[in-house]
Amino acid sequence: MIRIAVLFSMLVLVTGCSSSATWGWYVINPMTPQGWVNVRFLINGMGNTILISVIAAVISICLGLVVALPALAERRWLRIINRIYVEFVRSIPLLPMLFWVFYGLPIIFKSMGLNIPIEPFWGAIITLAISDSAFTAEIFRGGIQSIARGQTEAAQTVGLNYFQTMRYVIMPQAIRRILPPLANQFIYIVKMSAFASVIGMQELTRRANELVVTEYRPLEIYSLLIVEYLVLVLIISAGVRWLERRMGSDERGR
Amino acid sequence: MSQYAIEMIDVDKWFADFQALKRINLTVAPGERVVVCGPSGSGKSTVVRCINQLEQHQSGTIRVNGVDVGSEAGATAAVRAEVGMVFQQFNLFPHLSVMQNLTLGPMKARGLSRADAEERARKYLDRVRIPEQADKRPGQLSGGQQQRVAIARSLCMEPKVLLFDEPTSALDPEMISEVLDVMVELAEEGMTMVVVTHEMGFARKVADKMVFMDDGEIVEHGPPQQFFEAPKSRRCQKFLSQILQH
């Protein structure tokens, strides 16, 4: 199945593009023994890309919700805390933040007498999660604010406290509006996880880089890399659309 | 224990620079039905919203069953537990069934079991005459039905006082009477009610006391007979002539 998919995507590129001097598809031709070894080496990075992205997204969603709630408070200082976090985190580019977490944070830990090594795996997850949480926080804030005030008031008049109101009345309604932008954000995380390659994380992009170094065939290998991300993102999109359909029918209640 | 269900003493309320309520004094005895009317923007909705603290007043005192609503942290929750509210826009929870709308408060805030809460919900759905709609979503009901569900939802909390904030203003004309009928029944059963409405026929039928507000003040109040036959103030005369013309 994978062999055929790779062959097909190669064919598309080959027929679409120029002479045999430019392209050397043998390097990832799944029908030859060495080509198939190379393809498997590349695709094996998929597991880590997915794992990093999913864990980072889960942390980002939890963190985003915690950051978003103060933005909805009446007290001004709570809203200010939210603003500071969002504006600060949102303004840090991912790559510098990754370097700071991976190379800088262990030094801080050491100065505090703690011996906590930052592995590439967790360094990548922490960076992706924090960087993304500023955006998920804004998505949550928008979604929750879009629910009419009357819903909160009605919940209060039947005796619900703040957390019950959020849990049973506001969030179930807000989540339907939050889901599409949140899915967008997840796709963004999957793509940004490629940065983890620079701190040595063995994911899709790192694998491609390593193979390029030994095979000297960047055009073919990076082409396949792009197709790998495309497939991943298309699968996520399909999953989200299925989820939206399920929830959409729920709202209309028919 | 206070002799009044609701007591408002010199209540002032500002929205930023705009003074919405000016020295409001109003008492409601247990079992009394008070109808509040007045032109739009006169502060009548703000009065009922201050009673259950959906809006906070800046000065003066509001007591519900003797409890000062603004006095301490727990007071608002204690007051809301005894005061039901029916909104102009119904404010039903659209993602829940009618039954779930009715049982949410009793189960989560009062700790009733599901069985008890559903039994109570059925009783009040019967009372507002839509027992057959329990499994539908609010969006599948007509406006009149939705407002009756909202009334049942308030009743499920078994409140001592019910507040109505223009309960029929968002309804199509043919649905107004089905909601008013339910409200008249509640009044006849002795529920303490504060009703903001323009439905003067309803007011004549059930009100023990009429309150006319304009520009954030209570301009006139009194028993309905005197209020409708011989309003004292110019503003009240003008208002009544405008809405009773048709």
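As a reminder, the structure under discussion sits directly above these lines.
The text that follows walks through the structure, step by step, so that each part is easy to find. (Residues numbered from 1 in each chain as written. Chains lettered and ligands numbered in written order. Predicted model: local features only at pLDDT ≥ 70, side-chain atom pairs only at ≥ 80, totals over all residues. Heavy atoms only, no water.)

Within chain B, the regular secondary structure consists of nine helices and ten strands. Whereas a compact globule of 246 residues would reach a radius of gyration of roughly 18 Å, chain B reaches 18 Å, a difference of no more than 12%. Dimensions of chain B, computed from the C-alpha atoms along their principal axes, are close to 55 × 45 × 35 Å. For chain B, buried positions account for 56% of its 246 residues. Summarising the internal contacts of chain B: among those between residues at least 6 apart in sequence, 66% fall at separations of at least 24. (Helix = DSSP H or I, 4+ residues; strand = E, 2+ residues; numbered from the N terminus. Rg over C-alpha atoms; globule rule 2.2 N^0.38 Å. Buried < 20%, exposed > 50% of the residue type's maximum accessible area, 1.4 Å probe, protein only. Contact = heavy atoms within 4.5 Å.)

Right, let's talk about helix α5 (residues 94–111) of chain A for a bit. All names here are of chain A. With 18 residues, α5 should cover 26 Å at 1.5 Å per step; its first-to-last C-alpha distance of 25 Å lies within 8% of that length. At G104, α5 shows its maximal kink, close to 40°; a proline, P106, follows between one and four residues later. Every buried residue belonging to α5 is among L94, M97, L98, V101, F102, L105 and F109, and all of these are buried. One or two residues past the end of α5 sits G113, with phi positive at roughly 80°. (Expected span 1.5 Å × (residues − 1). Bend = angle between axes of the 7 residues up to and from the residue.)

This part covers the pairing of strand β10 (residues 217–222) of chain B. All names here are of chain B. Pairing between strand β9 (residues 209–214) and β10: five bridges, direction antiparallel. Bridging from a neighbouring strand, M213 pairs with I218 of β10. Here β9 folds back onto β10 in antiparallel fashion, the turn holding two residues, of which D215 has a positive phi close to 55°. (Pairing = 2+ DSSP bridges.)

All names here are of chain A. With their axes 6 Å apart at the nearest point, helix α3 (residues 46–71) and helix α4 (residues 76–91) run at an angle of 135° to one another. Viewed along their axes, α3 and α4 adopt a mutual orientation that is oblique. For the pair α3 and α4, contact is made by L63, V67, A68, P70 and A71 and by L78, R79, N82, Y85 and V86, respectively. Split by residue class, the contact of α3 with α4 holds eight nonpolar, one polar and one charged. (Axes fitted to C-alpha atoms, helices over the stretch in contact; angles between N-to-C directions. Parallel < 35°, antiparallel > 145°, perpendicular 65-115°, else oblique. Nonpolar A, V, L, I, M, F, W, Y, C, P; charged D, E, K, R; others polar.)

Here we come to the pattern of salt bridges. All told, the structure shown has 26 salt bridges over all chains when counted by the stated rule. We note a salt bridge from A:E138 to A:R90, for which the minimum N-O separation is 3.8 Å. A residue pair is termed long-range when its members are at least 10 positions apart, and A:E138 in helix α6 (residues 120–145) and A:R90 in helix α4 qualify at 48 residues. With a relative accessible area of 19%, A:E138 lands in the buried category. Note on A:R90: relative accessible area 33%, which makes it partly exposed. Between B:R204 and B:E229 there is a salt bridge, and its shortest N-O distance comes to 3.8 Å. (Salt bridge = Lys/Arg side-chain N within 4 Å of Asp/Glu carboxyl O.)

We now examine a nonpolar patch on the surface. All names here are of chain A. Nonpolar side chains collect at one region of the surface, where W100, I108, M112, L114 and I116 lie side by side and expose about 490 Å² of accessible area between them. Mapped onto the elements, I108 comes out in helix α5. What makes I108 partly exposed here is its relative accessible area of 35%. (Patch = residues over 30% accessible without salt bridge, like charges linked within 9 Å, V, L, I, M, F, W, Y side chains within 5 Å. Areas by Shrake-Rupley, 256 points an atom, 1.4 Å probe, with all protein chains shown as cover.)

Moving on, we come to the sheet that holds strand β5 (residues 67–68) of chain B. Residues and elements named next belong to chain B. Taking strand neighbours across the sheet as the criterion, the four strands line up as β2-β1-β4-β5 in an open arrangement whose pairing is antiparallel. Each of the sheet's edge strands pairs with one partner strand only, and the pair in question is β2 (18–28) and β5. Where strand β1 (residues 6–15) lies against strand β4 (residues 59–64), five bridges are found, and the strand directions are antiparallel. Following the sheet pairing, I6 is matched in β4 by V64. Helix-sheet contacts for helix α1 (residues 44–51) involve β1, β2 and β4, and the interaxial angle to β1 is about 115°.

Counting from both sides, the interface comprises 21 residues of chain A and, opposite them, 21 residues of chain B. Summed over both sides, the interface between chain A and chain B buries roughly 1,900 Å², with carbon and sulfur atoms accounting for 57% of that surface. If you sort the residues of chain A by the area they bury against chain B, A:T157, A:V158 and A:Y168 come out on top, with a joint share of 31%. Where chain A touches chain B, the interface holds one salt bridge. (Buried area = accessible area lost by both parts, 1.4 Å probe.)

Take the sheet that holds strand β6 (residues 83–86) of chain B next. Residue and element names in this part refer to chain B. On the basis of which strands lie adjacent, the open sheet formed by six strands has the order β6-β7-β8-β3-β9-β10 and mixed pairing. In this open sheet, the two strands that pair with only one neighbour each are β6 and β10. Between one strand and the next, the sheet's axes are offset by a mean angle of 15°, whatever the strand orientation. As judged from the four bridges shared by strand β3 (residues 33–37) and β9, these two strands associate in the parallel manner. Each residue of the ladder has a partner; that of V36, found in β9, is V211. In the packing of α1 onto the sheet, contacts are made with β3, β6, β7 (161–165), β8 (192–196) and β9, and the angle to β7 comes to roughly 150°. Seen against the sheet, helix α5 (residues 143–155) touches β6 and β7 and runs at an angle of roughly 170° to β6.

B:I6, B:M8 and B:L163 are the most contacted members of the largest nonpolar core, which totals 51 residues. The element that contributes the greatest number of residues to this core is helix α8 (residues 162–192) of chain A, accounting for seven residues. Ignoring any residue separated from it by four or fewer positions in sequence, one finds B:L163 in contact with B:I6, B:V48, B:I51, B:N52, B:V83, B:G84, B:M85, B:V86 and B:V194. With 47 residues, the next largest nonpolar core counts B:C37, B:L92, B:V98 and B:Y124 among its residues. (Core = buried A, V, L, I, M, F, W, Y, C linked by side-chain atoms within 4.5 Å.)

What follows deals with helix α2 (residues 73–82) of chain B. Within the sequence span of α2(B), burial applies to B:A75, B:T76, B:V79 and B:R80. For α2(B), the angular spread of buried residues about the axis comes to 125°, placing them on one side. Residues of α2(B) that are exposed and point more than 90 degrees away from the buried face comprise B:A73 and B:A77. In this structure, the buried residues of α2(B) make contact with α7 (149–157) of chain A together with α1, β4, β5 and β6 of chain B. (Arc of directions from axis to C-beta.)

Purely geometric numbers; function is a separate question.
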